[in-house]
Amino acid sequence: MVARDLAPGLLRRLAALCRRRRLRLLISGDGRTALRLGAGLHLPDRRPVRHLLPFLLARRPGTLLSAAAHGRRGMSRAWSCGADAILLSPVFPTASHPGARGLGPLRWAALARRAGLPAIALGGMDPLRARRLPPIAAGWAAIDGLACVDRATVSRGCRARAARAMDDATRPNA
């Protein structure tokens, strides 16, 4: 789960809930907050990241670092920071980026192969579109795509691939 722009009290409660449920929490764009909460860090592609160096210096084995990428520049940043996984987007047109063209499954797959990291599909995703992803996809994520979907609708295969990717990414020497 990636958290962005939440009030400190709500963020603390979310971190506690994630620990109880054994979910991985990533804080978007703030390394010190991630360290304080014992969470991972997510690097947005086009937004500044605060306190990245303290996070990288204090990062413990198994603490996730993910990065968003919309192309080669974002992938380069992910590599240079030692990211465990990359959220590559947008696969399809999405309401969160009006007017942006989606990569489409084939171009997404080509970028994912070049990433050299577990690549998670983001952007215009829903359970139906997830079926169009190539096998290289480590999983998929959605912002609005799950608003009207219950858990039974999401394929077990996508959940299993995403879980394996996160496990692989956090395994020492992965």
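Here, the structure is the one placed above.
What counts, and where the lines are drawn
Residues numbered from 1 in each chain as written. Predicted model: local features only at pLDDT ≥ 70, side-chain atom pairs only at ≥ 80, totals over all residues. Heavy atoms only, no water. Helix = DSSP H or I, 4+ residues; strand = E, 2+ residues; numbered from the N terminus. Buried < 20%, exposed > 50% of the residue type's maximum accessible area, 1.4 Å probe, protein only. Contact = heavy atoms within 4.5 Å. Areas by Shrake-Rupley, 256 points an atom, 1.4 Å probe, with all protein chains shown as cover. Patch = residues over 30% accessible without salt bridge, like charges linked within 9 Å, V, L, I, M, F, W, Y side chains within 5 Å. Salt bridge = Lys/Arg side-chain N within 4 Å of Asp/Glu carboxyl O. Axes fitted to C-alpha atoms, helices over the stretch in contact; angles between N-to-C directions. Parallel < 35°, antiparallel > 145°, perpendicular 65-115°, else oblique. Left-handed = near helix turned anticlockwise from the far one by under 90°. Core = buried A, V, L, I, M, F, W, Y, C linked by side-chain atoms within 4.5 Å. Expected span 1.5 Å × (residues − 1). Arc of directions from axis to C-beta.

**Student:** Go over the overall build of the chain, please, and point to the residues and values.
**Tutor:** What the chain contains, in helices and strands, is seven helices and seven strands. For the chain, the α and β elements follow one another from N to C terminus as β-α-β-α-β-α-β-α-β-α-β-α-β-α. Counting the 174 residues in the chain, one finds 45% classified as buried. At a minimum sequence separation of 6, the contacts of the chain that also span at least 24 residues come to 42%. By element, 54% of the accessible surface of the chain is carried by carbon and sulfur atoms, the whole surface being about 10,300 Å².

**Student:** Tell me about the environment of Val-49, and please be specific about residues and values.
**Tutor:** Note on placement: Val-49 falls in the loop between strand S3 (40-43) and helix H3 (52-58). On the basis of relative accessibility, which here comes to 19%, the residue Val-49 falls in the buried class. Each C-alpha atom, one on Val-49 and one on Gly-29, is 4.3 Å from the other, the two residues being 20 residues apart in sequence.

**Student:** Give me a nonpolar patch on the surface: which residues, what numbers.
**Tutor:** Nonpolar side chains collect at one region of the surface, where Leu-53, Leu-56 and Leu-57 lie side by side and expose about 310 Å² of accessible area between them. Here Leu-56 lies in helix H3.

**Student:** Explain the packing of helix H4 (residues 72-81) against helix H5 (residues 104-115) to me, using residue names and the numbers behind them.
**Tutor:** To describe two helices that pack against each other, one gives the angle between their axes and the distance between the axes. Here H4 crosses H5 at 25 degrees, and the two axes come no closer than 11 Å. Taken together, the axes of H4 and H5 are roughly parallel relative to one another. Where H4 crosses over H5, the two elements pack in a sense that is right-handed. Residue-level inspection shows Arg-72, Met-75 and Trp-79 of H4 in contact with H5, the latter providing Leu-111, Arg-114 and Ala-115.

**Student:** Give me the lowdown on the nonpolar core, citing residues and values where you can.
**Tutor:** In globular proteins that are soluble, nonpolar side chains generally tend to be buried together. Ranked by internal contacts, the top residues of the largest apolar core, which has 40 residues, are Leu-25, Ile-27, Leu-41, Leu-43, Ile-86, Trp-108 and Met-125. At five residues, H5 tops the list of elements feeding residues into this core. Ignoring any residue separated from it by four or fewer positions in sequence, one finds Ile-86 in contact with Ala-67, Ala-69, Met-75, Ala-78, Ala-115, Leu-117, Pro-118, Ala-119 and Ile-120. Residues Ala-85, Ile-120, Leu-122 and Ala-138 belong to the second largest nonpolar core, which totals five residues.

**Student:** Explain helix H1 (residues 8-21) to me, and be specific about the residues and the numbers.
**Tutor:** Taking 1.5 Å per residue as the helical rise, H1 with its 14 residues ought to reach 20 Å, and the 20 Å between its terminal C-alpha atoms agrees with that figure. Residues Leu-11, Leu-14, Ala-15 and Cys-18 constitute the buried set of H1. Along the axis of H1, the buried residues cluster in a sector spanning 100 degrees; they form a single face. Facing away from the buried side of H1 by over 90 degrees, the exposed positions are Arg-12, Arg-13 and Arg-20. In the stretch just after H1, Arg-22 is the one whose phi turns positive, near 60 degrees.

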